[in-house]
Amino acid sequence: MTVTLPGLPEEDERHLEWGNDVLRIVIAHGPGTAPRLVALWHAAEREPDLPALRRSALPVLETAVLGEGRSGTSGKRHVDGAAAQRLRLTGHRERRDGDRACLELDLAEDGAGLRARVTYEVYDGVPVVRSSATVTAVRPAVLDHATTGVLSGLGHGARWEEELLLWAAANPWSGEFRWHRATLAERGLIDVGMVRHGQVGSKNRVSLTSTGAWSTSEHLAQGIVEDTRTGRMLAWQVETNGAWHAELGDRYDDVYLLATGPTTLEHQWAGAVGPGARVRTVPVSLAVVPGQPDGHETTLGAVAAALTAHRRRTRRPHPDHGRLPVVYNDFLNGLMSDPTTERVLPLVEAAADLGAEYYVMDAGWYDDELGGWWDSVGAWEPSVTRFPGGGLGAVLDRIRDLGMKPGLWLEPEVVGVRSPVARSLPAGAFFQRRGHRVTEWGRHQLDLRHPAARAHLDAVVDRLVGGFGLAYLKLDYNVDIGPGTDAGRGEPPGNGLLGHDRALLDWVGAVMDRHPGLVVEGCAAGGSRTDAATGAVFPVQSLTDQQDFRLTPPIAAAAPLAIPPEQAGVWASLDGTMTLEETAFSLVTALLSRVHLAGRIDTLRPGQQAAVREALAVHRAVRHAAARSVPVWPLGLPRWRDPWVALGARDGGDLYLAVWRRADDGGRGTRGGDSVRLRLPGMVAAGGVQVLYPTWGGESVAVVGGGTAVEAKLPAPLSARLLRVQVADRPGPSS
């Protein structure tokens, strides 16, 4: 719908309004102005004051051309690109495919002659808009940055340095999903007063940047801006499996958000455009949720529900999304990359006896040196010394004989410096910079844009999957290779990395096309690639390498804000030294996602074995609900040392609650008493609370507060329970 901007002549500027039933955007355009995203709002909110937002509105495609830079300001920020301000809307069209609607904008400019197509897409009922662009030019030019992930007006009318909060998640190895909420002032962005002297603003920014091939090794590629005046939350995610950047800055007494893929400044990237050359920007998605009446936990749940729905609609379909089979993986606290027939078979027997559906042999199955494989990998041929007699095939046959499906671990992107593959493949098949092959921790990096690299990996996977009848591949990635590759021809390294990352996802999709039903798990030093682009392709993602079962709950409980539960592989590590309560504690951690059993399950005592079987029976009963669920945080997002952690999964009228009482044990937890009150954000209990697991007793649970909370008392430190409560939406203030 096109409407005239109030108070302006029709020929000067118009507004294009578009969206779905729950989300609307307005784009201002005209012969004298670049098309700008003036407003983004939820249908439940009051429509924005569009004229008031005009001054700070930014172009729908924010870009700068090398040799021109920015106009009107300077600094490190990625807004006010001179080329972006010259773009004009030359046409637009709307398309619809089922519940998906698209808006395409055609843009053009004089000067370098940039041409662009900006695409927005939404799904019915989901308050998330996804955008990207393809950019070219009439004459050759080089872009310093380019993104459609830009929105201003976030601080309009606010004392924004105190009234806007930024939620961001540190994502350290083995301590992933550490969300933190702080004001912009606490993050370092303040109103310096220069707008009143005719300046744009402070020239500063609050920024998050990820460099290298691990997209989430320091921060998740997402965040939330909360307006404390209304409780409104705007969430963003950068949909890439490589380098990205995001920033918040002040501009004309307002605040903008920009999220993008690689840039010149941060990532040694440069976008060559011109005849025959184009740039595809990294997609960015924005979700908007109005403040809920009973607090930010409820609003956060609504944000998570929106992002979860968006991720489920934009991912590659796979039958495994609904099955959530139980996997036993022999790495964590088990064989630790040292498998042999003698060591593996007892674990195979134990896994089958407990009810596992897949057995995945992790690293080491290719190692004939018995411990020297790190810098020799690449050929991926089964060891002949580790599996005497019938070889690896006999072990995999035993897995099938016991009713499980076999899987293997693989690290496809790397080739060890001692591997014969490092010498047999051409130089162009590897990452290079300044005439040197890139090496990190004894490994070279394959460039999957090169046909020889891809052909090598295709041959490896087809040989393993076809020859051994594999049903599962765990693809790991344990080195961060730096800024990228110049491909031996002077290409900017950031371009090489982005090209390889896109080729990797294309290759994984092609593998699953050739082998229908094959389950492919994505892993990168635990959760170092927990991004939306990876999640859109891999049916399963590993969350962490954390080996201490006592430290895993805050990781598992916070993960659903980044990944749907049916794609999250959560370790349930077990061994015979654990008490029954500790056994249940570890198992509860995985029951609302995908159970990845681990540890020395061959040492479990009969009572522990019964506890595991009971847990897996409960998981099989609830896993289909978990695959449909949206997350709930009765205690808010967990901090690392919280004494109590809770995660809910709501499936319609059923709310499943996992609650953990942690230990006052060497800093692993702080004393929090033996009971906790779990709020039901936005919900009211419609009945009592049921203990699903474990059922041996010792706990006390009850609905309290007129149905607005559950009181849980657990028997001891390091105990946990899975509960179910029937719920309904809490009536609003006007009900």
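Just so it is clear, the model here is predicted, and its values are computed rather than measured.

**A few points about the packing of aromatic side chains**
Summed over all chains, the structure comprises 14 aromatic pairs. Three or more aromatic residues joined by ring pairs make a cluster, and in this case those are Trp-365, Tyr-366, Trp-373, Trp-374, Trp-380, Trp-409 and Trp-441. Here Arg-437 stacks its cationic end above the ring of Phe-430, 3.9 Å away from the centre of that ring.

**Focus on the sheet that holds strand 11 (residues 141-147)**
The sheet built from three strands is open, its strands ordered 6-11-20 with antiparallel pairing. Where the open sheet ends on each side, the last strands, each with one partner, are strand 6 (62-65) and strand 20 (271-273). Geometrically, the sheet is characterised by an average inter-axis angle of 40° between neighbouring strands, direction not taken into account. In terms of strand pairing, strand 11 meets strand 20 through three bridges, oriented antiparallel. Bridging across to strand 20, Val-142 finds its partner in Ala-272.

**Focus: the confidence of the model for the chain**
Summarising the model, the chain shows a mean pLDDT of 95, and 97% of its residues fall at 70 or more. Taken as a whole, residues 1-11 scores under 50 in pLDDT and shows 21 contacts with residues more than four places along the chain or in a different chain. Taken together, the stretch residues 666-670 has pLDDT below 50 and engages in 13 contacts with residues farther than four places along the chain or on a different chain.

**Topic: helix 9 (residues 341-354)**
Between the first and last C-alpha of helix 9 there are 20 Å, a value that for 14 residues agrees with the 20 Å anticipated at 1.5 Å per step. Structurally, helix 9 contributes buried residues whose contacts are with strand 23 (327-329), helix 8 (331-335), strand 24 (358-361), helix 10 (391-401), strand 35 (594-599) and helix 17 (606-626). Two residues or fewer past helix 9, Gly-355 is found with a positive phi of approximately 110°.

**Quick word on the pattern of salt bridges**
For the structure on display, the rule yields 57 salt bridges. Between Glu-297 and Arg-679 there is a salt bridge, and its shortest N-O distance comes to 3.5 Å. Taken as a pair, Glu-297 in helix 6 (residues 296-314) and Arg-679 in strand 39 (residues 675-679) lie far apart in primary sequence, 382 residues in all. For Arg-323, the salt bridge goes to Asp-320, with nearest N and O atoms at 3.6 Å. Of this pair, Arg-323 and Asp-320 both sit in helix 7 (residues 320-323), three residues apart, which is roughly one turn of the helix. According to the relative accessible area criterion, Arg-323 is partly exposed, its value standing at 33%. Looking at Asp-320, the relative accessible area reads 0%, which means it is buried. Overlapping salt bridges bring together Arg-93, Arg-95, Glu-104, Asp-106 and Arg-117 as one network.

**Side note on the nonpolar core**
By size, the foremost hydrophobic cluster in this structure holds 136 residues, and its most contacted members are Tyr-359, Trp-365 and Tyr-693. With residues near it in sequence (within four places) discarded, Tyr-693 still touches Ala-584, Leu-587, Val-588, Leu-591, Ala-611, Glu-614, Ala-615, Val-618, Ala-720, Arg-721 and Leu-722. Ala-137, Val-206, Leu-286 and Val-288 belong to the second largest nonpolar core, which has 59 residues in total.

**Some points on the sheet that holds strand 41 (residues 700-704)**
Taken together, the three strands give an open sheet; going across it, the order is 39-42-41, and neighbouring strands pair in antiparallel fashion. Looking at the sheet topology across the chains shown, the edges are occupied by strand 39 and strand 41. Direction aside, neighbouring strands of the sheet carry axes that sit 20° apart on average. Of the strand pairs in this sheet, strand 41 and strand 42 (residues 709-713) are connected by five bridges, and their pairing is antiparallel. Residue pairing in the sheet places Val-701 in a bridge with Ala-712 of strand 42.

**Re the packing of helix 12 (residues 451-468) against helix 13 (residues 493-514)**
Between helix 12 and helix 13, the shortest axis-to-axis distance is 11 Å and the interhelical angle comes to 35°. For the crossing formed where helix 12 meets helix 13, the hand is right-handed. Residues Arg-454, Leu-457, Asp-458, Val-461 and Asp-462 of helix 12 touch helix 13, and the partners they reach there are Ala-503, Asp-506, Trp-507, Ala-510, Val-511 and Arg-514. Among the residues forming the contact of helix 12 with helix 13, the class breakdown is six nonpolar, no polar and five charged.

Rules used throughout
- Residues numbered from 1 in each chain as written.
- Predicted model: local features only at pLDDT ≥ 70, side-chain atom pairs only at ≥ 80, totals over all residues.
- Heavy atoms only, no water.
- Phe/Tyr/Trp six-rings, centres within 6.5 Å; stacked < 30°, edge-to-face > 60°.
- Lys NZ or Arg CZ within 6 Å of the ring centre and 35° of its normal.
- Pairing = 2+ DSSP bridges.
- Helix = DSSP H or I, 4+ residues; strand = E, 2+ residues; numbered from the N terminus.
- Axes fitted to C-alpha atoms, helices over the stretch in contact; angles between N-to-C directions.
- pLDDT = per-residue confidence, 0-100.
- Contact = heavy atoms within 4.5 Å.
- Expected span 1.5 Å × (residues − 1).
- Salt bridge = Lys/Arg side-chain N within 4 Å of Asp/Glu carboxyl O.
- Buried < 20%, exposed > 50% of the residue type's maximum accessible area, 1.4 Å probe, protein only.
- Core = buried A, V, L, I, M, F, W, Y, C linked by side-chain atoms within 4.5 Å.
- Left-handed = near helix turned anticlockwise from the far one by under 90°.
- Nonpolar A, V, L, I, M, F, W, Y, C, P; charged D, E, K, R; others polar.

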